[in-house]
Amino acid sequence: MRAARLLAAAVLLCVVAGCGAGGVEPKQWAKSVCTALAPWRAEIADLTVKAQQQLQAAKTPAQTKTNIVDLLAGAESASEKARAGVDGAGVPRVADGKKVAEQFTASLSKARDAYGNAKRTVSGLPTADAKTFYAAVGSAFATLKDEYEHSAIDPARVGPADLQQAFDEAAECR
């Protein structure tokens, strides 16, 4: 009886620790990552277009501020959702798979944080002087662009050749 309990505990520990799992097959991992990233990219592109439209259509700095803060909050939320999806993909079964997975989630965390920083900056801007407000919004977006570009990761250039091939072959990544 005691040996059965020890064996059951060892099996449970092994399952929790991932013994023998060794990660996710590269093709499955690439598919999961791209499945998480596709809606995020589409939403970011949509939010960018909406931001441009709203900047042109807004009548007051206060209206602009509200719209931009809402859009940046949406981008921040979408980035977190993508980060969680990529994190949920697990670790690819390739050399340095854990490092590769961490690079992807870190990249999305940085993108999320860039949107959050811009949201907080714009949210804190006074709107009494329109010229000053719009100049500060432009500055906030320049900072966002810089932070966002520093967060970027190219799936085709990360990880070993077998993982790069998996990204090239996965239909979800095209």
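Here we summarise the structure given alongside this text. Small disclaimer: the values here were computed from a predicted structure and weren't measured. (Residues numbered from 1 in each chain as written. Predicted model: local features only at pLDDT ≥ 70, side-chain atom pairs only at ≥ 80, totals over all residues. Heavy atoms only, no water.)

## With respect to the layout of surface pockets
Thinking step 1. The space that makes up the largest pocket amounts to roughly 300 Å³.
Thinking step 2. Counting only elements with at least two residues in the lining of the largest pocket, the list comes to α2 (26–57), α3 (61–88) and α5 (130–151).
Thinking step 3. Broken down by element, the lining of the largest pocket gets its largest block of residues, six residues, from α2.
Thinking step 4. Of the residues contributing to the lining of the largest pocket, the split by class is eleven nonpolar, two polar and one charged.
Thinking step 5. Taken as a whole, the second largest pocket spans an internal volume of roughly 160 Å³. (1 Å grid on protein atoms, 1.4 Å probe; cavity = no way out; pocket = protein on both sides within 12 Å on 5 of 7 lines; lining within 4 Å. Points joined across faces, edges and corners; volume = space filled by probe spheres on them. Helix = DSSP H or I, 4+ residues; strand = E, 2+ residues; numbered from the N terminus. Nonpolar A, V, L, I, M, F, W, Y, C, P; charged D, E, K, R; others polar.)

## Some thoughts on the state of the cysteines
Thinking step 1. Scanning the model with the defined rule gives one disulfide in all.
Thinking step 2. Here Cys34 pairs with Cys173 through a disulfide, and the sulfurs are 2.0 Å apart. On the sign convention where negative is left-handed, the bridge of Cys34 and Cys173, at about 100 degrees about the S-S bond, is right-handed. Of this pair, Cys34 sits in helix α2 while Cys173 is found in the segment after α6 (161–169), placing the two residues 139 residues apart along the sequence. (Disulfide = S-S within 2.5 Å.)

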